[in-house]
Amino acid sequence: EPEVTQTPSHQVTQMGQEVILRCVPISNHLYFYWYRQILGQKVEFLVSFYNNEISEKSEIFDDQFSVERPDGSNFTLKIRSTKLEDSAMYFCASSEEGGGDQPQHFGDGTRLSIL
Amino acid sequence: AQKITQTQPGMFVQEKEAVTLDCTYDTSDPSYGLFWYKQPSSGEMIFLIYQGSYDQQNATEGRYSLNFQKARKSANLVISASQLGDSAMYFCAIGRGSTLGRLYFGRGTQLTVWP
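As a starting point, this report considers the structure included with it. Quantities reported herein were computed from a predicted structural model and do not represent experimental measurements.

Conventions and cut-offs
- Throughout this document, residue positions are counted from 1 along each chain, in the order its sequence is written.
- Here every chain gets a letter starting at A, and every ligand a number starting at 1, in the order they are written.
- It should be noted that, the model being predicted, local features are given only for residues of pLDDT at least 70 and side-chain atom pairs only at 80 or more, the latter also being counted only at that level, while totals for whole chains, interfaces and linings use all residues.
- To get the side-chain values, take all heavy atoms of the structure and skip hydrogens and water.
- Every residue pair with non-hydrogen atoms within 4.5 Å of one another is taken to be in contact.
- Accessible surface is computed with a 1.4 Å probe, and the buried area is the amount of it that two parts give up when combined, taken over both parts together.
- By definition here, a salt bridge exists when the distance from a side-chain nitrogen of Lys or Arg to a carboxyl oxygen of Asp or Glu is within 4 Å.
- Polar contacts, as used here, are pairs of N or O atoms within 3.5 Å; protein pairs need one atom able to donate a hydrogen and one able to accept it. Residues neighboring in sequence count only if both atoms are side-chain atoms.
- The numbering of helices and of strands both runs from the N terminus, where a helix is a DSSP run of H or I of at least 4 residues and a strand a run of E of at least 2.
- Residue polarity follows a fixed list, in which Ala, Val, Leu, Ile, Met, Phe, Trp, Tyr, Cys and Pro are nonpolar, Asp, Glu, Lys and Arg are charged, and the others, Gly among them, are polar.
- Whether two aromatic rings pair depends on their centres lying within 6.5 Å, for rings of Phe, Tyr and Trp, where Trp uses its six-membered ring; planes under 30 degrees apart make the pair stacked, over 60 edge-to-face, and the rest tilted.
- Between buried and exposed lies partly exposed: a residue is buried under 20% and exposed over 50% of the maximum accessible area for its type, with that area taken using a 1.4 Å probe on protein chains only.
- Any Lys NZ or Arg CZ found within 6 Å of a ring centre and within 35 degrees of that ring's normal is scored as a charge over the ring.
- We call two strands paired when DSSP finds no fewer than two bridges between them.

### So, the interface of chain A and chain B
Each partner contributes residues to the interface: chain A has 25 residues there, and chain B has 23 residues. Interface area, chain A with chain B, both sides summed: about 2000 Å², of which 57% is carbon and sulfur. Summed over the shared surface of chain A and chain B, the result is 1 salt bridge. The partner of Glu56 of chain A in a salt bridge is Arg102 of chain B, with the nearest N and O atoms 3.2 Å apart. Inspection of the chain A/chain B interface yields 4 residue pairs in polar contact (both at pLDDT 80 or more). Elements with a contribution of two residues or more to the side of chain A that touches chain B: β4 (31-37), β5 (44-50), β6 (53-57), β9 (88-95) and β10 (105-106) of chain A. In terms of residue count, β4 of chain A provides more of the side of chain A that touches chain B than any other element does, 4 residues in total. When its residues are assigned to classes, the side of chain A that touches chain B shows 9 nonpolar, 11 polar and 5 charged.

Here it is, written out as structure tokens:
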């Protein structure tokens, strides 16, 4: 069964450093998302992406964050200057169709630890 | 705004018994989707089941069924014949049909299945 793939599974970074989290969505999916989950808390939406542009972003997704689809298969989340509070599990998700009533399939997540 | 409420922080069930995990929601959109995801201790998010707001019948996927009561705004997950591997955190989520993709998650219910 096709799946969303995320790399790395765990990233440890010094505060202030840039980090790039990578995702390969399911191949026939056109809509892509990033979510994060701070330890012990609920999953929070960061951004949705379609047709090479951001469709929606949450208040969490400030100027330190950016997303890119650099080629036909990868979808990346960049955090420019990491802060301690960026430590969380980051999930990439994709869906075949774009409505909020369509199922999204999640990757296994990248655990980001900021020191 | 969309809101999901999961009132059971923890549930316990004996192996082979059925268990119901509660979820209530709030939305003003006529079109929406309700989702359940499973998160084992390893951290990945596994899509379980989906119910569209216009679906007449309750969704079922193997041992999972969704008890959808639209008037009560509830979307409870029923797991039949529980297995030890069902022990995990379970999240209910809602997405609005009128917008692209953003899912709103509840705080989750930790299910423990004991032998």
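Once you've had a look at it, read on.
### Section: the packing of aromatic side chains
With the rule as written, the count across this model stands at 18 aromatic pairs over all chains. Ring centres 4.3 Å apart and planes at 5 degrees place the aromatic pair Tyr31 of chain A and Tyr50 of chain A in the stacked group. Residue Tyr31 of chain A is found in strand β4, and its partner Tyr50 of chain A is found in strand β5; the two are separated by 19 residues along the sequence. Ring centres 6.1 Å apart and planes at 90 degrees place the aromatic pair Phe106 of chain A and Phe105 of chain B in the edge-to-face group. Taken together, the residues span two chains, with Phe106 of chain A in strand β10 and Phe105 of chain B in strand β11 (residues 103-105). Since its relative accessible area comes to 3%, Phe105 of chain B is described here as buried. Following the ring pairs from residue to residue traces out a cluster consisting of Tyr35, Phe45, Phe91 and Phe106 of chain A together with Phe35, Tyr37, Phe47, Tyr50, Phe91 and Phe105 of chain B. Over the ring of Tyr64 of chain B we find Arg63 of chain B, and its NZ or CZ is 5.7 Å from the ring centre.

### A short note on the pairing of strand β5 (residues 32-39) of chain B
Residues and elements named next belong to chain B. Taking burial as the measure, the 8 residues of β5 include 8 buried ones, the bulk of the element. Going residue by residue along β5, you find Tyr32, Leu34, Trp36 and Lys38 tucked away on one face and Gly33, Phe35, Tyr37 and Gln39 tucked away on the opposite face as well. Sheet topology note: the β5/strand β10 (residues 88-96) ladder contains 8 bridges and is antiparallel. The residue bridging Tyr32 from the neighbouring strand is Arg96, located in β10. In this sheet, strand β6 (residues 46-52) lies alongside β5 in antiparallel orientation, the contact comprising 6 bridges.

### Concerning the environment of Tyr50 of chain A
Residues and elements named next belong to chain A. For Tyr50, a relative accessible area of 31% translates into the label partly exposed. Sequence separation between Tyr50 and Glu3 is 47 residues, and the spatial gap between their C-alpha atoms is 19 Å. When near neighbours in sequence (up to four residues on either side) are disregarded, Tyr50 contacts Leu30, Tyr31 and Ser55.

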